[in-house]
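# Fold and contact review
Here's the letter readout for the chains.
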Amino acid sequence: MANGIESVLVETRVFPPPAALAAKANIAGMDAYRALCTEAERDFTGFWARLAREQLQWTRPFEQVLDESQAPFYKWFADGELNVSANCLDANLQNGRADKTAIIFEADDGTVSRVTYRELHARVCRFANALAAAGYQAGERVIIYLPMSIEAVVAMQACARLGLTHSVVFGGFSAKSLHERLLDTQAVLAITADAQMRGGRRIPLKPALDDALAMGGCEAVRQVVVYRRAGEDVAWTEGRDTWWSEFEQGQPETHQAQGFNAEHPLFILYTSGSTGKPKGVQHGSGGYLLWAKLTMQWTFDLKDEDIFWCTADVGWITGHTYIAYGPLAAGATQIIFEGVPTYPDAGRFWRMIQSHKATVFYTAPTAIRSLIKSSEADAKVHPASFDLSSLRIIGSVGEPINPEAWMWYHKNVGGERCPVVDTWWQTETGGHMLTPLPGATATKPGSCAFPLPGIMAAVVDETGNEVERGQGGLLVIKRPWPAMIRNVWGDPERFKKSYFPPELGGTIYLAGDGAQRDADDYFWIMGRIDDVLNVSGHRLGTMEVESVLVAHELVAEAAVIGRPDDVTGEAVVAFVVLKQSVPGDEEAAQVAKTLRDWVSKEIGPIAKPKEIRFGENLPKTRSGKIMRRLLRTVAQGQEVTQDTSTLENPAILQQLGKAL
């Protein structure tokens with residue numbers, strides 16, 4: 001595996017925080033960190049109450065901090081009211097940041113535009129007024145299917161301002177994925193664009209939405225608002241479709257935000273599970289925003305003069321917390337990027353850091369690993385060819401970063417002076433949970449270090465007992481925290497079963513990752529314990545991909561597993577049994593391409609199998625269970641040494657075809 005116990009053995013160097021940074025850090029030194037942890041341990045609710053009152057503006061102050069009466073359906077600040085958007089925007093008009101740049105947007109073609117907090121506030125108010133004038137009301141759901149853009153942030157913030165619950169869908173997802181989300185949320189409005197620009201190409205968006213709506217069951221959708229991004233000609237449904245510019249035309253640029261209950265659903269974000277149907281992770285308002293703002297201050301040691309850049313897409317939780325909400329709540333200047341790191345060449349990230357003087361850079365290990373290859377092959381795109389001296393903190397998100405990539409990142413991007421904050425968290429956690437603190441923690445390459453103050457993390461066995469240091473186990477969070485998932489949308493039983501299993505008492509959060517703690521109490525993430533793949537930081541359910549493959553007319557049976565991959569962290573490997581006999585090499589290659597294209601169409605390009613292997617059957621026990629552990633061994637090119645005596649037909653392992 002890319003990380004975990006093996007990582008501890010690979011790299012044991014420890015990097016202390018830079019003295020100059022530590023002296024002025026928001027959490028300055030381990031003593032300051034321990035003091036916050038001790039405060040949380042001694043007075044758990046008092047700790048969170050103090051932070052919530054200090055960090056957020058409340059339209060109605062809360063009295064009850066944590067309601068555990070219906071655990072695991074915990075409630076935070078539930079008798080308080082606030083407006084998330086007002087905390088992100090109006091607050092910055094009142095504290096002297098009105099004319100500070102809020103967003104530096106760089107488009108795929110390199111065009112740069114900037115908006116101040118005053119200008120962003122006006123744009124959000126104008127769109128919110130248009131939504132209100134069209135009759136949309138608090139509690140209704142809105143699907144947002146937009147490219148990376150200022151408009152995406154405007155749409156999200158406008159929904160938050162009105163109490164509309166948004167569900168953002170990643171622009172690379174298919175019509176089928178969109179349809180699932182439209183149905184599950186019963187959305188009343190969809191906001192999209194004609195197309196998005198990625199790597200010099202125009203990728204249509206509205207046609208996918210049109211196809212999704214045509215699949216049926218989406219009668220709740222009253223309107224489609226379309227942002228004209230690429231000047232594409234698009235099909236039009238009169239009476240339903242309207243251009244963004246016309247929708248908001250004539251609306252005032254001021255809007256009086258009202259308070260909503262702290263538990264009001266801010267957004268639903270779908271993440272893959274080990275069964276076929278994606279889970280709608282439901283997040284609240286007050287607790288989520290508190291943690292988004294705090295982690296900006298703690299993990300990134302945010303200062304007023306910082307230029308913050310998170311390279312994620314708003315279609316993922318990282319883009320929600322560390323683009324749409326956290327940086328704005330913290331009053332930061334941030335970069336938003338539309339394109340890809342390899343266009344027009346693999347020096348794009350470094351060139352942007354140089355030109356915008358980014359000080360805090362937050363990206364995925366997948367991007368780092370892919371850029372290592374490009375950089376070592378071409379000196380012109382190597383980080384050393386750019387001035388990255390503005391950087392003071394660099395971070396990693398989405399999956400464990402292997403020590404070798406960590407060291408390259410630290411040396412070549414961070415210049416061996418920038419702390420690396422290797423963050424562990426999930427869609428369900430709302431924000432960082434385990435991470436080094438740049439002004440306090442000595443870092444170990446490949447380790448996400450310690451829990452943040454107030455996060456009671458542990459590594460336990462299947463019965464909930466903590467395991468010894470150095471032993472692998474299940475990563476759990478023993479106490480609730482403000483930004484935690486509130487429910488699986490429309491499926492409370494799945495929420496309890498997935499995250500608070502009765503085997504652990506029903507009140508302890510099961511992260512779904514294996515982990516271990518070393519002798520110094522550092523946490524190391526060892527990978528998923530269920531059948532969820534982590535491809536380039538994106539979670540894919542194996543059942544999700546298998547179901548799509550089996551739905552193809554050529555396929556009789558399929559099993560999908562993940563194997564380690566140098567670039568994407570995990571790669572999708574599909575073992576397929578066709579309805580016809582196993583084809584010859586030339587035909588097999590064509591069938592493999594057909595199936596890849598099918599998966600891309602039905603789910604999205606991120607789910608395309610990197611390898612497809614054909615066989616006459618799959619390795620199964622006599623009871624019919626597919627032996628996935630054996631498939632993982634085969635996919636990794638290793639000799640099968642495990643016991644195969646329970647297989648119905650052990651010879652099957654020799655018949656699985658070569659990787660295509």
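Please read all numbers here as calculations on a predicted model, not as lab measurements.

## Considering the nonpolar core
Among the nonpolar cores identified, the biggest contains 172 residues, and Trp-48, Leu-120, Phe-127, Ile-191, Trp-298, Tyr-325 and Val-576 are the most heavily contacted of them. At 10 residues, the largest contribution of residues to this core is made by helix α8 (residues 150-162). What Leu-120 contacts, discounting residues up to four positions off in sequence, is Leu-89, Ala-102, Ile-103, Val-115, Ile-150, Val-154 and Leu-328. Among the nonpolar cores identified, the runner-up in size contains 30 residues, and Ile-104, Ile-335, Leu-371 and Val-413 belong to it.

## Notes on the UniProt feature "binding site: CoA" (unreviewed entry) in the chain
The UniProt record annotates "binding site: CoA" (unreviewed entry) at Arg-198, Gly-199, Gly-200, Arg-201, Thr-318 and Ser-536. The annotated residues occupy 339 residues of the chain and do not converge on a single region, their most distant C-alpha atoms lying 24.4 Å apart. Turning to its location among the elements, Gly-199 is positioned in the loop between β9 (195-198) and β10 (201-204). Relative to the helices and strands, Ser-536 is located in the loop between β26 (532-535) and β27 (538-541). Classification of Ser-536 by relative accessible area gives buried; the value is 17%. Aside from chain neighbours lying at most four places away, what touches Ser-536 is Thr-366, Glu-399, Thr-568 and Ile-606.

## Some points on helix α16 (residues 403-413)
Counting buried positions along α16 gives eight out of 11 residues, so the element sits mostly inside the fold. Those residues of α16 lying buried are Pro-403, Ala-405, Trp-406, Trp-408, Tyr-409, His-410, Asn-412 and Val-413. Phi turns positive, to about 60 degrees, at Gly-415, one or two residues after α16.

## Structural notes on the sheet that holds strand β21 (residues 457-460)
Read from one edge to the other, the open sheet built from four strands follows the order β21-β22-β24-β25, with strand pairing classed as antiparallel. Lying at the two open borders of the sheet, with one neighbouring strand each, are β21 and β25 (523-528). Between one strand axis and the next, the sheet turns through 45 degrees on average, direction left out of account. Pairing analysis gives four bridges linking strand β22 (residues 473-477) to strand β24 (residues 509-517), with the strands arranged antiparallel. Residue pairing across strands places Ile-477 opposite Tyr-509, the latter belonging to β24.

## As for the sheet that holds strand β17 (residues 333-337)
Judged by pairing direction, the sheet is mixed, and its seven strands sit side by side in the order β5-β4-β17-β16-β18-β19-β20 without closing on themselves. Every interior strand has two partners, whereas the edge strands, β5 (112-116) and β20 (420-422), have only one. Each neighbouring strand pair of the sheet contributes to a mean axis angle of 20 degrees, computed without reference to strand direction. On the sheet, helix α14 (residues 348-356) packs against β4 (101-106), β5, β16 (307-310), β17 and β18 (360-363) and is oriented at approximately 150 degrees with respect to β17.

## Re the environment of Tyr-322
Mapped onto the elements of the fold, Tyr-322 is located in helix α13 (residues 317-329). Distance from Tyr-322 to Ala-312, taken between C-alpha atoms, is 8.4 Å for residues 10 residues apart in sequence. Once you skip the residues sitting within four places of it in the chain, Tyr-322 turns out to touch Ala-292, Thr-295, Met-296, Phe-300, Phe-308, Cys-310, Pro-327, Gln-334, Tyr-362, Trp-425, Gly-431 and His-432. A polar side-chain atom of Tyr-322 sits 3.2 Å from the main-chain amide nitrogen of His-432.

About the thresholds
- Residues numbered from 1 in each chain as written.
- Predicted model: local features only at pLDDT ≥ 70, side-chain atom pairs only at ≥ 80, totals over all residues.
- Heavy atoms only, no water.
- Core = buried A, V, L, I, M, F, W, Y, C linked by side-chain atoms within 4.5 Å.
- Buried < 20%, exposed > 50% of the residue type's maximum accessible area, 1.4 Å probe, protein only.
- Helix = DSSP H or I, 4+ residues; strand = E, 2+ residues; numbered from the N terminus.
- Contact = heavy atoms within 4.5 Å.
- UniProt positions renumbered as here; feature names shortened; annotations may be inferred.
- Pairing = 2+ DSSP bridges.
- Axes fitted to C-alpha atoms, helices over the stretch in contact; angles between N-to-C directions.
- Polar contact = N/O pair within 3.5 Å; in protein donor to acceptor, adjacent residues only side chain to side chain.

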